[in-house]
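# Overview (structure and organization)
Residues per chain are reported as follows:
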Amino acid sequence: NANAIKDFGREFDDFDLIDKWQYKYYGDALACEQRYPEAIRVLDAALEYDPNSAVAFAFRGAALGSSGEYSAAVTDLNRAIELSPDYLWARRERARYLRCADRIQEALNDCEYLLALNPKDSVRILHLELLIRLRRTQQAEADLAEVRSSGESPYYVYLGGLLSEIKDGFGLIEATERALAE
């Protein structure tokens, strides 16, 4: 990603010299380097140039979310999806930031939309976590068994422990603490 920024051949202060259509990609490169305030400013400029760019809205939404501005991230990702309903990456990002904003049911809806298109989508783990948080234990057990059959990972072990603690009647915080202690 550092090379992506260098490929533009300019520092941020000279971003206005870059072709306007490249702003969104430069902004994303900056975000990949965790230079979020700069990335957001560049993506603001990209949206001034092209206010209907789903890509620029999605990139800015991701940068905002990475900065902890979850509500603003969701707003931008909503706009990206409105402009391009089939933009799956934007929907995946929106699910992540809806979860961060504690809008669990909405995040679950996005995950289910993505999983309906591709049952092996990378949101499977997020989907499983959301099911557990919503205490949909039967569905979570079935999904956990399915993902575990494709290979074991420490996160699956953690989610299995969390699910077990929730089923035993513990609240989410206590269940999380107990699952992490295992």
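Shown above is the structure to which this text applies.
The structure contained in this document is the topic of the report that follows. (Residues numbered from 1 in each chain as written. Predicted model: local features only at pLDDT ≥ 70, side-chain atom pairs only at ≥ 80, totals over all residues. Heavy atoms only, no water.)

## Quick look at the packing of helix α6 (residues 88-100) against helix α8 (residues 124-133)
At their nearest, the axes of α6 and α8 sit 11 Å apart, and the two run at 30° to each other. As the angle between them shows, α6 and α8 are arranged roughly parallel. Here α6 and α8 pass one another in a crossing that is left-handed. Contact residues: Ala95, Arg96 and Arg99 in α6; Leu126, Glu129, Leu130 and Arg133 in α8. (Axes fitted to C-alpha atoms, helices over the stretch in contact; angles between N-to-C directions. Helix = DSSP H or I, 4+ residues; strand = E, 2+ residues; numbered from the N terminus. Parallel < 35°, antiparallel > 145°, perpendicular 65-115°, else oblique. Left-handed = near helix turned anticlockwise from the far one by under 90°. Contact = heavy atoms within 4.5 Å.)

## Overview of the side chain of Arg94
Its location among the elements puts Arg94 in helix α6. For Arg94, the side chain forms a polar contact with the side chain of Asp110, separated by 2.7 Å. Among residues more than four places away in sequence, those in contact with Arg94 are Val74, Leu77, Asn78, Ile81 and Asp110. (Polar contact = N/O pair within 3.5 Å; in protein donor to acceptor, adjacent residues only side chain to side chain.)

## Section: the pattern of salt bridges
Applying the stated criterion to the full structure yields 13 salt bridges. Of the charged contacts in the structure, one is a salt bridge between Glu93 and Arg96, with a shortest N-O distance of 3.0 Å. One end of the pair, Glu93, and the other, Arg96, are both in helix α6, three residues apart, so they sit about a helical turn from each other. Among the residues examined, Glu93 registers a relative accessible area of 9% and is labelled buried. (Salt bridge = Lys/Arg side-chain N within 4 Å of Asp/Glu carboxyl O. Buried < 20%, exposed > 50% of the residue type's maximum accessible area, 1.4 Å probe, protein only.)

## Some points on helix α9 (residues 137-149)
The first and last C-alpha atoms of α9 sit 18 Å apart over 13 residues, in line with the 18 Å expected at 1.5 Å per residue. Taken together, the buried positions of α9 are Ala140, Asp143, Leu144 and Val147. The buried residues of α9 occupy one face: seen down the axis, they fall within an arc of 105°. In this structure, α9 carries Gln138 and Ser149 as exposed residues pointing more than 90 degrees from its buried face. Looking at the buried side of α9, the elements it contacts are α8 and α10 (154-167). Directly after α9, the chain includes Gly151, whose backbone phi takes a positive value near 135°. (Expected span 1.5 Å × (residues − 1). Arc of directions from axis to C-beta.)

## Re helix α5 (residues 70-83)
With 14 residues, α5 ought to run about 20 Å at 1.5 Å a step, and its terminal C-alpha atoms sit 20 Å apart, in line with that. By the burial criterion, the buried members of α5 are Ala73, Val74, Asp76, Leu77, Ala80 and Ile81. Buried residues along α5 cover an arc of 165° about the axis, so they all sit on one side. Turned more than 90 degrees from where α5 packs its buried face, Ser71 and Glu82 sit exposed.

## Here we look at the packing of aromatic side chains
By convention here, two paired aromatic rings are described through the distance between centres and the angle between planes. One pass over the structure, following the stated rule, counts four aromatic pairs. Through a chain of ring-to-ring contacts, the aromatic side chains of Tyr25, Phe59, Tyr87 and Trp89 assemble into a single cluster. Stacked on the ring of Tyr113, the Lys or Arg Arg91 has its end atom at 4.0 Å from the ring centre. (Phe/Tyr/Trp six-rings, centres within 6.5 Å; stacked < 30°, edge-to-face > 60°. Lys NZ or Arg CZ within 6 Å of the ring centre and 35° of its normal.)

## What to know about the packing of helix α4 (residues 54-66) against α5
Running from amino to carboxyl end, α4 crosses α5 at an angle of 160°, the nearest separation of the two axes being 8 Å. By the angle between their axes, α4 is roughly antiparallel relative to α5. Between α4 and α5 lies a crossing of left-handed hand. For the pair formed by α4 and α5, the contact residues are Ala54, Phe57, Ala58, Arg60, Gly61, Leu64 and Gly65 on the first element and Tyr70, Ala72, Ala73, Asp76, Leu77, Arg79, Ala80 and Leu83 on the second.

## A few points about the environment of Leu114
Mapped onto the secondary structure, Leu114 falls in helix α7 (residues 104-117). Taking relative accessible area as the criterion, Leu114 reaches 1% and is therefore assigned buried. C-alpha of Leu114 to C-alpha of Arg91: the two residues are 23 residues apart in sequence and 7.8 Å apart in space. If near-sequence neighbours (up to four positions away) are discounted, Leu114 is found in contact with Leu88, Arg91, Arg92, Asp121 and Val123.

Nothing here speaks to function; it is geometry throughout.
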